[in-house]
Amino acid sequence: PTIDYVVTKMPRFTFEKFPGAEAILSTSMKSVGEAMAIGRSFAESVQKALRSMETGLTGFNEIEIPGATGGDRNAVRAALAKATPDRLLVIAQAYRMGLGTEEIHAACKYDPWFLEQVRAIVAAEAAVSADGLPQDGPGLLRLKQQGFSDARLAELAGIAESEVAKLRARRGIHPVYKRIDTCAAEFPSLTPYMYSTYEGDGMAPPEDEAEPSERRKVVILGGGPNRIGQGIEFDYCCVHAAYSLKEAGIETIMVNCNPETVSTDYDTSDRLYFEPLTAEDVIELVRVEERRGTLAGVIVQLGGQTPLKLAQALEDAKIPILGTSPDAIDLAEDRRRFQELLERLGLKQPENGTASSAAEAVMVAQRIGYPVVIRPSYVLGGRAMEIVHEPAGLARYMANAVKVSGRNPVLIDRYLQEAIEVDVDALADGSDVAIAGIMEHIEEAGIHSGDSACSLPPYSLPPAVIADIEQQTAALARALGVVGLMNVQYAVKDSTVYVLEVNPRASRTVPFVAKATGVPVAKIAARVMAGERLAGFALDRKRRRAVAVKEAVFPFARFPGVDLILGPEMKSTGEVMGIDSDFGRAFAKSQLGAGVELPLAGTVFVSVRDRDKPGMVEPCRSLVEMGFALLATRGTAELLRQKGLPVEVINKVLEGRPHIVDRMLSGGVQLVFNTTEGTQAIADSFSLRRTALTNNVPYYTTVAGARAAVQAIAALKAGSLEVASLQSYFEGSF
């Protein structure tokens, strides 16, 4: 093909999810996703890539270089020499601090051509900071041709982003859209695969190749780069929406910047815009599509948090949003409004409060009682979410984990210990509600839903509790006016159902639910958002009696120094599914899919915190009956012996040699059950869990996970697993 454009691919990292992991790149891959940007110059495409990262960047934003606050050039050179994920930003900062291209090249070894490109961008930034935004068309156009976003120009000029947009509009400066030439200039390329660029001289209008159609159309906003908390599950929903709307005769327009996904295959949708998912970029392309045909609206609820964050800006721009209203989305996120809704519906939630300062957080925690779950508002993937057991832990969290303000309060909830967490996906059309799937988490409440294994249908909840959950879900969907998909997370304690959170959007469990039930949930949701009624779809499929188990996959092996203990902040980077006739066999398949080979004989090491000890007795008894030997630390061994179980005692690592890690290294342990809490206890048992990981010894860090593993081992010992196609579980294709 004729290449008259520059493509920049940029990896996405999530080191913040792994405290203790050094943010250094090496020959072991650590990125969890990537974004791709296209422009007519390197400067344009690299700046578009930076704002596609979903890390808060608007371009080459300023960063702080450790030790360089006083202008220490040695500290800058040291930072340049490190292979960190943000080294491009460090290079830009080095230019701002007076270093030259030769000096920077000597430290980082980047090709001088790329360094000069960054230098030119930094020079343009300095001019805007010093002289303000150019008021003439050609001057402003030159900046946009270098890839500067309105948001970055506003930061540099010290004005509001809306002022930059208004000035552009007055000067008639808008992007044009070019098509990727897939025909090598042999004949006209008709592929509707487009990217934006700024062309022309500010006087004559540039050529635009967008050519919007006369059809009825829907814009689907994708999820941007994969990262922990927002991955391929959301792309699945966008792709199925495109397929479904195409079948209904509606033109589908996909907007995304992730080259790894099916949504950015040029033939998935009718038209594809390879663009950053920012308000500026999306609004500009929607205006082009509005020129011809009928824009039914934009779908924001399928791509995760990325498009949801754009909902208000789109509504302010008078762009129609399909499905649940932005106000209902905000209601579910706004703690005060959501509490009022639950009170009106007569539904329970754990005691909670919000805090805009450290002092307020202390007062809220004292009122509701420890332990508490604390997190920032408006997050996905449990970002900076933590269970805090005492005032000292709360003080540390407030000081280090988040920047709290009136606009960004933290949410504090009473932590329900030993509760069962339940995920529910539902479809609604504004009046009718259909429960797509009820999933019982295997790990107890407090483990992030994305990290917890779960079973569909629930494997231990009584029918009365399931009926209550169905009624509460329907009431919430109607009260919020949900049109499309909704996910609700509940905690069940002593048969009482508590609402943890409601998300009126697609959740990461939608693909699992679709495959476990045979109902094309995302396809139906898209059609409902486009105006069809739920009553027109076959939602009850005949299926064989089967249990499906979803299990998370973790990247711990890539991050030396990171603990394996799970908590409310999501760490998994993928998932697998096992399906079979009963829970034990389905869980066994899920473990095999995740790369865990459960032992059928050998020694099991057990060391659990005090409140978990009673719950470990029956799983250990089952293991002994299956021929396993038990090995335990003193406290756990004492209880197991009291219950009549044979157990060998072994030292903890801190008690001296020979200890448990020695035994594991010599191949004397085939399975590990370890639960712990408290900062010191977690630190003391860290080497045990890392040794299990590095030596491929299966390990479980919750009692519920241990119980499920024992059921899976029993199923494996009872007979070999059978293989069946997914289609064989349902009547008909989906």
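What counts, and at which threshold
Residues numbered from 1 in each chain as written. Predicted model: local features only at pLDDT ≥ 70, side-chain atom pairs only at ≥ 80, totals over all residues. Heavy atoms only, no water. Helix = DSSP H or I, 4+ residues; strand = E, 2+ residues; numbered from the N terminus. Rg over C-alpha atoms; globule rule 2.2 N^0.38 Å. Buried < 20%, exposed > 50% of the residue type's maximum accessible area, 1.4 Å probe, protein only. Contact = heavy atoms within 4.5 Å. Areas by Shrake-Rupley, 256 points an atom, 1.4 Å probe, with all protein chains shown as cover. Lys, Arg positive; Asp, Glu negative; His and termini not counted. Charge placed at Lys NZ, Arg CZ, Asp CG, Glu CD. 1 Å grid on protein atoms, 1.4 Å probe; cavity = no way out; pocket = protein on both sides within 12 Å on 5 of 7 lines; lining within 4 Å. Points joined across faces, edges and corners; volume = space filled by probe spheres on them. Nonpolar A, V, L, I, M, F, W, Y, C, P; charged D, E, K, R; others polar. Pairing = 2+ DSSP bridges. Axes fitted to C-alpha atoms, helices over the stretch in contact; angles between N-to-C directions. Arc of directions from axis to C-beta. Polar contact = N/O pair within 3.5 Å; in protein donor to acceptor, adjacent residues only side chain to side chain. Salt bridge = Lys/Arg side-chain N within 4 Å of Asp/Glu carboxyl O. Phe/Tyr/Trp six-rings, centres within 6.5 Å; stacked < 30°, edge-to-face > 60°.

1. Considerations on the overall build of the protein
Secondary structure summary: the protein contains 26 helices and 25 strands in total. Here the protein has a C-alpha radius of gyration of 27 Å; the compact-globule value for 734 residues is 27 Å, and the two agree. Based on the C-alpha atoms only, the size of the protein along its principal axes is roughly 90 × 65 × 55 Å. The burial tally for the protein puts 56% of its 734 residues in the buried class. Long-range contacts, defined here as pairs at least 24 residues apart, represent 68% of the contacts in the protein between residues at least 6 apart. Working note: accessible area of the protein is about 29700 Å², and carbon and sulfur atoms make up 52% of it. Here the protein carries 78 positive and 92 negative side-chain charges, and the mean point of each set is 2 Å from the other.

2. Points about empty space enclosed by the protein
Counted by the stated rule, this structure contains 3 cavities of 30 Å³ or more. What the second largest cavity holds in volume is close to 90 Å³. For the lining of the second largest cavity, the elements supplying multiple residues, two or more each, are α1 (42–51), β4 (193–197) and α10 (279–289). Looking at the lining of the second largest cavity residue by residue, the classes come out as 3 nonpolar, 3 polar and 7 charged.

3. What about the sheet that holds strand β21 (residues 603–607)?
Ordered by their spatial adjacency, 5 strands build an open sheet running β23-β22-β21-β24-β25, and the pairing between neighbours is parallel. Unpaired on one side and paired on the other, β23 (648–649) and β25 (699–700) mark the two borders of the sheet. With 4 bridges joining them, β21 and strand β22 (residues 629–632) adopt parallel strand pairing. Directly across from Val606, in β22, lies its bridge partner Ala632. Sitting on the sheet, helix α22 (residues 634–642) is in contact with β21, β22 and β23, with an inclination near 135 degrees to β22. Here helix α25 (residues 686–694) sits on the sheet in contact with β21, β24 (671–674) and β25, set at roughly 150 degrees to β24.

4. Brief notes about the sheet that holds strand β13 (residues 410–414)
Two pairing modes exist for strands in a sheet, parallel and antiparallel, and in both the strands are linked by backbone hydrogen bonds. Spatially, the 4 strands line up as an open sheet ordered β10-β13-β11-β12, and their pairing is antiparallel. Two strands lie at the open edges of the sheet, namely β10 (352–355) and β12 (386–388), each paired on one side alone. Strand after strand, the sheet turns through a mean of 25 degrees between neighbouring axes, direction not considered. Bridge count between strand β11 (residues 372–376) and β12: 3 bridges; the pairing is antiparallel. Residue pairing for β12: Val373 is matched across the bridge by Ile387. Here helix α14 (residues 335–345) sits on the sheet and contacts β10, β11 and β13; the angle it forms with β10, its principal contact strand, is near 160 degrees. Relative to the sheet, helix α15 (residues 358–368) contacts β10, β11 and β13, its axis offset from that of β10 by approximately 170 degrees.

5. Some points on the environment of Arg505
Locating Arg505 in the fold gives a position in the loop between β18 (496–503) and α18 (510–517). The exposure class of Arg505 is buried, given its relative accessible area of 7%. Along the chain, Arg505 and Glu44 lie 461 residues apart, while their C-alpha atoms are 33 Å from each other.

6. Some details on helix α2 (residues 73–81)
For α2, the full list of buried residues reads Ala75, Val76, Ala79 and Leu80. Buried residues of α2, viewed axially, fall in a sector of 140 degrees; they line one side. Between a side-chain oxygen at the N-terminus of α2 and the backbone nitrogen of Asn74 the separation is 2.9 Å; the capping residue is Asp72.

7. Considerations on the pattern of salt bridges
Opposite charge on two side chains lets them pair, provided their charged atoms get close. For the structure on display, the rule yields 43 salt bridges. Glu125 is paired through a salt bridge with Arg152; the nearest N and O atoms lie 3.1 Å apart. You can see Glu125 sitting in helix α5 (residues 112–131) and its partner Arg152 sitting in helix α7 (residues 150–157), a full 27 residues away along the chain. The two residues Glu125 and Arg152 agree in class, both being buried.

8. Describing the packing of aromatic side chains
Per the stated rule, a full pass over the model turns up 10 aromatic pairs. Between Phe42 and Phe114, the aromatic rings sit 5.3 Å apart at their centres with planes inclined by 65 degrees, giving edge-to-face as the arrangement. On the criterion of sequence distance, the pair formed by Phe42 in helix α1 and Phe114 in helix α5 is long-range, its members being 72 residues apart. Centroid distance Tyr459 to Phe583: 4.2 Å. Interplanar angle 5 degrees. Geometry classified as stacked. One end of the pair, Tyr459, is in the loop between β16 (454–456) and α17 (463–480); the other, Phe583, is in helix α20 (residues 583–593), with 124 residues separating them in the sequence. Residue classification places Tyr459 among the partly exposed positions, given a relative accessible area of 30%.

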